[in-house]
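Summary of structural features
Single-letter residue listing:
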Amino acid sequence: MIKMKIFKNKKINSSGVSLVEMIIYAAIFSTISLVLVSFLVGAMRAWINAKTQRDLVVGAQHALNVVSQVVRPAQNIYLPESSLGVTLGALSVTTEQNPPAHNIKFYVTDSTLYEQDGTTPAFAITPNNISVSQFQINTITSSSTPQGIQISLGLLSRAIPATNKTFYATMVWRGGY
């Protein structure tokens, strides 16, 4: 009888994890992981959208600055090489920046805006990750004489998701105001 009492008072040491505890831990871990992944995916999308917007703005600023640096000191629009008022137009101006007087032309080919100075080869002034969807030039006239131009430049990002923005600039010839 004494042996029975000793055996009954002795507790069995169970330091393991039960199945119910394991299921609860897995559920908590899964919930936390799901929240973290959702947060990271949202942050990445916001970063990609911000980068795309920045690329469009920087590309538009560069392109419009290049056009502006040529147009402002120019004497006039060279109409035989210009396409005004159309969605994918062309602009050719007569300038004397590097005498003798010559024409500098801006035009869109294969969704890229190019500048061509006289007979030299044309070069792209929009980056590769942006395509040009609109390059529309309208003249600003005063007493039937063109005094400047208004440019609508539509850019489309080639990133996913594609973003389209239109930028506007007005340029007046020096001495025309």
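Since this is a predicted model, take the numbers as computed values, not measurements.

Further remarks concern helix H2 (residues 19-71). Helix length check: H2 (53 residues) gives 77 Å between terminal C-alpha atoms against 78 Å at 1.5 Å per residue, within 8%. What H2 keeps buried is the set Thr52, Asp55, Leu56, Gly59, Ala60, Ala63, Leu64, Val66, Val67, Ser68, Val70 and Val71.

So, about the nonpolar core. Formed by 29 residues in total, the largest nonpolar core has its most connected members in Leu91, Phe106, Phe135, Ile149, Ile151 and Leu153. Every element with two or more residues in this core is listed here: H2, strand E2 (90-95), strand E3 (102-109), strand E6 (130-142), strand E7 (145-157) and strand E8 (164-172). Counting residues per element, this core draws most heavily on H2, at eight residues. In this structure, Phe106 is in contact with Val66, Val67, Val70, Gly89, Ala90, Leu91, Tyr114, Glu115, Ile125 and Phe135, ignoring residues within four places of it in sequence.

With that settled, consider unusual backbone geometry. Negative phi is the rule for most residues except glycine; trans is the rule for most peptide bonds. Backbone geometry at Asp110 places phi at a positive 50 degrees, although glycine is not the residue there. The phi dihedral of Ser111 falls on the positive side, at around 60 degrees, and the residue is not glycine. Here Ser111 lies in the loop between E3 and strand E4 (112-117). A relative accessible area of 31% places Ser111 in the partly exposed class.

Before going further, it helps to examine the sheet that holds E3. Spatial strand order, E1-E2-E3-E4-E5: five strands in an open sheet with antiparallel pairing. Lying at the two open borders of the sheet, with one neighbouring strand each, are strand E1 (76-77) and strand E5 (123-124). Pairing analysis gives six bridges linking E3 to E4, with the strands arranged antiparallel. Within the sheet, the bridge partner assigned to Val108 lies in E4 and is Leu113.

Moving on to the environment of Gly59. Mapped onto the elements, Gly59 comes out in helix H2. Spatially, the C-alpha atoms of Gly59 and Ile130 are 7.6 Å apart, while their sequence positions differ by 71 residues. In contact with Gly59, not counting residues within four places along its chain, are Pro127, Ile130 and Leu155.

Rules behind the numbers
- Residues numbered from 1 in each chain as written.
- Predicted model: local features only at pLDDT ≥ 70, side-chain atom pairs only at ≥ 80, totals over all residues.
- Heavy atoms only, no water.
- Helix = DSSP H or I, 4+ residues; strand = E, 2+ residues; numbered from the N terminus.
- Expected span 1.5 Å × (residues − 1).
- Buried < 20%, exposed > 50% of the residue type's maximum accessible area, 1.4 Å probe, protein only.
- Core = buried A, V, L, I, M, F, W, Y, C linked by side-chain atoms within 4.5 Å.
- Contact = heavy atoms within 4.5 Å.
- Pairing = 2+ DSSP bridges.

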